[in-house]
Structure formats: C-alpha cells, structure tokens
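Structure at a glance
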Amino acid sequence: MAGNDRAEATEEVVSRVTRRRKAARYAVPVAVAGVAAATVGLVPALAASGDPNLPKISAHDLVQKIAASDTQQLSGSVKITTDLGLPSLAGLGGSMAQSMAPGGAGGHSDAASGSSADPGSKLMELASGTHTLRVAVDGPKKQKISIVENAAEYSLIRNGRQVWAYDSASNQAYHSTAPQGADTKAEPALPKGADVPATPKQFADQVLKAAGPTTSLSVDGTSRIAGRDAYDLLAKPKQSGSTVGSVRIAVDAKTGTPLKFTLAPSGGGKPVLDIGYTKVDFAKPAASTFAFTPPKGTKVTEGKQHAQQHAAKPSRQEQRQGRSQAEAALSDAKVIGKGWTSVLRLAGPAGAVDKGAKGDTSKMPGNAQSFVNSLGDKVSGKFGSGTVFHTRLINALMTDKGTVYVGAVSKQTLVDTANAAAK
C-alpha cells in the first residue's frame, strides 16, 4: 500500500492542472442536479476489493499525473447518489415550478409544459437518491450518457453538431443543432442545463482548479475501483467554517483518470457526493453508440422552437422587470473571503426578500410552502435579521433587506460575514 504522503502540492502544480486539463474537454455532459451543481451524498460506487500494493507517489506527482491524463475514449457505468439532506422532493417539482412561474400558480413554465426530454427537466430528479448512469466518450465530438431507471431510460447524445435527448418513458425527444464550428471547440455545445459535471474527472478538475494555499493535499493510500488499481488523493480545507470536510479522488494508477470522487461534509455522516465507475473500459466505443433516430411515434421538440415558444409567454413588462432585477443583483455581486470559506454576496432592494416571501410563497401549494419553510432558520445580527436556508453543503442567508449571502460554509460563517459587511 502506498504510504501517506502529507506533502502539499504547490500553487504552481495546481496551475498546471488548469492549463493541462486535456481530459476535461472530453468529459461526458449531462443534466445532473445540484447545481445547482451543482451538488450531493453517495453510496460508494463500488466496494473496494482490497488495497493494491502500488509504488509510492507524492501528492505533487499524483496531481501531475491527473493533469497529464489524456483519456479521450472510454465507456462504462457510473453510480451516483446525492444526499444534500433535503426533505423529499417527490411531487414538488411541478407544483413549485408552477407557483414560481410568471403569474404565480396559474402561470406557465418550461418545467411544467416543456418536453420531458429537455435536459433541464432532469435536474430535479437527480437532486437526491441513487442513480445509475451509462457513459461513452469518443473525443470532443461524440458523447453519450444514459440515466437508467427501473423500466425506462433517458439518454443525452452528442454526435458532432447534433444533440439529442430521449425519454423512453414518455416517448419524447429533444433535438438541437450546435452552431457552425461549435464541433471544433474544446467544450461541446449543449442545451442549457446539460453541462453539469457528471463524471469523477469533471468534479476532480473543479477541485484541483480551485486548490491553492487554503487546501492540504496528500496521498491517502490506495484502492481498487471498477477492477482497476488506484491511488487515493485526499484534499482537505485548512480553514474552519467550511461545510466541506474532505474530498477524496481515486486516481487510476495507469492512466491518471479519476475513477471515483467523494465529498464528505464537515458535519460528518454520509458523503454529500460520491460518484464513481462500477465498470470502465478505455477502448474506443463503437460508432453506433452515438447514432440516434427517434422511434416511430416519438414527439420531437426542437430546441430553438421550444425556447422561442416559452420566451414569448411572459409579458414584456415582466421580462423587463426580471432583467432589471437580475442585472441589479449581479452588478453588486461580490465574493468575500478566499478558498473554501468564500461567500458570494448579492445585494437586493430593501425589503425585496421579505416582500417576496409574503407575496410569492403564499401562492405556493401547501407541500411546497412546507418544503421551503423546513429549510430556514431565523437569525439576526448587525446586518439586521433574516433567514438561513441550509443543506448539508450549500447554505444561504437571505436578509430582510434583500441581501443574499451564499456559500459552502456554515450558518455561523454566513452570519459573521454578513455582520462584517454591515460595519
């Protein structure tokens, strides 16, 4: 077994990861929940079958190995389980979408009236529970991911400029065509909501990109994932106040490809995110894997047509109001702090949150209102008063004056940040 190596990777090494993220551009895109994660607790993707005896390697060299990995082709199965500590989302998707749409409960929204094959409609479904994904990659132009359910399957396929999504349960398909020249870019052009990380490689890239002086990196033994020997890279925040306890990345000893990613919360208990291969093959997938023709009788929704149809539903006044509110919030956006305890501050008009809560949420169905209320804790301080909405990973403080503080930090860190900003 590789011995523990507590040497910390330098910022220079981490910057090389950012510059040399070759494999990242080939990672499989998918509509995975959380982002709104983006985010997430998983049962181990595959139980370890003994720790392999591998040559010792430093954290510095293991980070380099990930950066140098150039996995352009692979196929296999991925197991993902999400556990943000949220109340059950069952039955809330449609009712909440309707209540939050323009016009309240009587309004329309993409989630309520769009194609069930639209990648965006799958986000809520993957926000909790365990799911099995089948993935295939053949360079930057061909990717496929399928979400396997009990008696149905949802697939998202990119083949050159053509992007298809198909839901076998409803026999509906979603189709879009990437702009001319998009197939030559490093990142695939996909429908909005379809580019959320879905493989251990994608999550690992994000962590290593953000790693720096606030992160401790070490090699914490070895493991065997999907029948392959792997080194375990352990990343831990040096700062207190983060909801992230540690991130463990199982790195294929031969190729340097991350095989498993586990995010443990600082509060203990089940991982928030654990995503890993149960089967993996680095051979080139068959060309037929990325071919798709809608089955007979399939209802096909074209991406542009779908977007135009729903964009026309809100009134011009509602559109202008929505744009002005969003622009006002983003113009005052500010990141406070560094590293794992950084907090995003969004300023809003006085009373905006309070008025919104008295207006919009009162129109929610009972189960949706209970869900929202169950997430909040009333707090007060120099900033005034407000509510902290919490999960096991991301917390947000919404003050009664309309200012929002959000981050992967504890409730107390949010309150302290808001108090410091109020001075």
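So, here's what we can say about the structure.

Rules used in this analysis
Residues numbered from 1 in each chain as written. Predicted model: local features only at pLDDT ≥ 70, side-chain atom pairs only at ≥ 80, totals over all residues. Heavy atoms only, no water. Helix = DSSP H or I, 4+ residues; strand = E, 2+ residues; numbered from the N terminus. Buried < 20%, exposed > 50% of the residue type's maximum accessible area, 1.4 Å probe, protein only. Areas by Shrake-Rupley, 256 points an atom, 1.4 Å probe, with all protein chains shown as cover. Pairing = 2+ DSSP bridges. Salt bridge = Lys/Arg side-chain N within 4 Å of Asp/Glu carboxyl O. Core = buried A, V, L, I, M, F, W, Y, C linked by side-chain atoms within 4.5 Å. Contact = heavy atoms within 4.5 Å. Axes fitted to C-alpha atoms, helices over the stretch in contact; angles between N-to-C directions. Phe/Tyr/Trp six-rings, centres within 6.5 Å; stacked < 30°, edge-to-face > 60°.

**Regarding the overall build of the chain**
Per the secondary structure count, the chain includes ten helices and 18 strands. Within the chain, buried positions represent 46% of all 423 residues. Approximately 19800 Å² of the chain is accessible, and the part contributed by carbon and sulfur atoms is 52%.

**Here's the deal with the pairing of strand β10 (residues 258–265)**
Of all eight residues in β10, seven are buried, a share of seventy percent or more. For strand β9 (residues 244–252) and β10, the ladder comprises seven bridges, and the chain directions are antiparallel. Paired with Ala-250 across the bridge in β10 is Lys-260. Taken together, the four bridges between β10 and strand β11 (residues 273–281) define a ladder with antiparallel strand orientation. The partner of Phe-261 across the bridge, within β11, is Ile-275.

**Points about the pattern of salt bridges**
Overall, the coordinates contain nine salt bridges when judged by the stated rule. Here Arg-134 makes a salt bridge to Glu-153, at a shortest N to O gap of 2.4 Å. One end of the pair, Arg-134, is in strand β2 (residues 129–138); the other, Glu-153, is in strand β4 (residues 153–159), with 19 residues separating them in the sequence. Residue classification places Glu-153 among the partly exposed positions, given a relative accessible area of 24%. Note that Lys-411 is salt-bridged to Asp-377, the shortest N-O span being 3.7 Å. With a gap of 34 residues between them, Lys-411 in helix α10 (residues 411–421) and Asp-377 in strand β15 (residues 376–381) connect regions that are remote in the sequence. Given the relative accessible area of 37%, Lys-411 is considered partly exposed.

**Comments concerning the nonpolar core**
One finds Leu-233, Val-247, Phe-261, Leu-263 and Tyr-277 to be the most contacted residues of the largest nonpolar core, which totals 49 residues. Among the elements that line this core, the one with the most residues is β9, at five residues. Other than its neighbours up to four places away in sequence, Phe-261 contacts Pro-200, Phe-203, Ala-204, Val-207, Val-247, Arg-248, Ile-249, Leu-273, Asp-274 and Ile-275. If you look at the next biggest cluster of nonpolar residues, it comprises ten residues, including Val-343, Val-379, Leu-397 and Tyr-405.

**Overview of the sheet that holds strand β17 (residues 395–399)**
Spatially, the six strands line up as an open sheet ordered β13-β14-β18-β17-β16-β15, and their pairing is antiparallel. The sheet terminates laterally at β13 (334–336) and β15, the two strands that pair on one side only. Within this sheet the neighbouring strands show an average axis-to-axis angle of 25 degrees, counted without direction. Of the strand pairs in this sheet, strand β16 (residues 384–390) and β17 are connected by five bridges, and their pairing is antiparallel. Across the sheet, residue Val-388 finds its bridge partner in β17, namely Leu-397.

**A closer look at the sheet that holds β4**
Judged by pairing direction, the sheet is mixed, and its twelve strands sit side by side in the order β7-β8-β9-β10-β11-β1-β2-β3-β4-β5-β6-β12 without closing on themselves. A single partner strand is all that each edge strand has here, and the edge strands are β7 (215–225) and β12 (299–302). Each neighbouring strand pair of the sheet contributes to a mean axis angle of 15 degrees, computed without reference to strand direction. Both β4 and strand β5 (residues 162–167) contribute to a ladder of six bridges, which runs antiparallel. Pairing of Ser-155 across the sheet is with Tyr-166, part of β5. The sheet contacts of helix α2 (residues 59–68) involve β7, β8 (228–237), β9 and β10, and relative to β8 the element is tilted by about 115 degrees. Relative to β10, helix α5 (residues 200–210) is tilted by about 60 degrees, and along the sheet it contacts β8, β9, β10 and β11.

**So, the packing of aromatic side chains**
Under the counting rule described, the total for this entry stands at two aromatic pairs. Aromatic side chains Trp-164 and Phe-292 sit 5.3 Å apart centroid to centroid with 50 degrees between the ring planes, which places their arrangement in the tilted category. Of this pair, Trp-164 sits in strand β5 while Phe-292 sits in the loop between β11 and β12, and the two are 128 residues apart along the sequence. Owing to a relative accessible area of 16%, Trp-164 belongs among the buried residues under this scheme. Summarising the aromatic geometry, the rings of Tyr-166 and Phe-292 are spaced 5.5 Å apart at their centres and angled 45 degrees between planes, so their arrangement reads as tilted. Taken together, the residues Tyr-166 in strand β5 and Phe-292 in the loop between β11 and β12 connect sequence positions 126 residues apart. Residue Tyr-166 is classed as buried on the basis of its relative accessible area, which comes to 14%. An aromatic cluster is built from Trp-164, Tyr-166 and Phe-292, whose rings are joined through pairwise contacts.

**Some remarks on the environment of Pro-119**
Position of Pro-119 among the secondary structure elements: in the loop between α4 (110–113) and β2. Residue Pro-119 is classed as buried on the basis of its relative accessible area of 0%. Distance in space between the C-alpha atoms of Pro-119 and Ser-155 is 9.3 Å, their sequence separation being 36 residues.

Any functional reading would require information that these geometric values do not contain.
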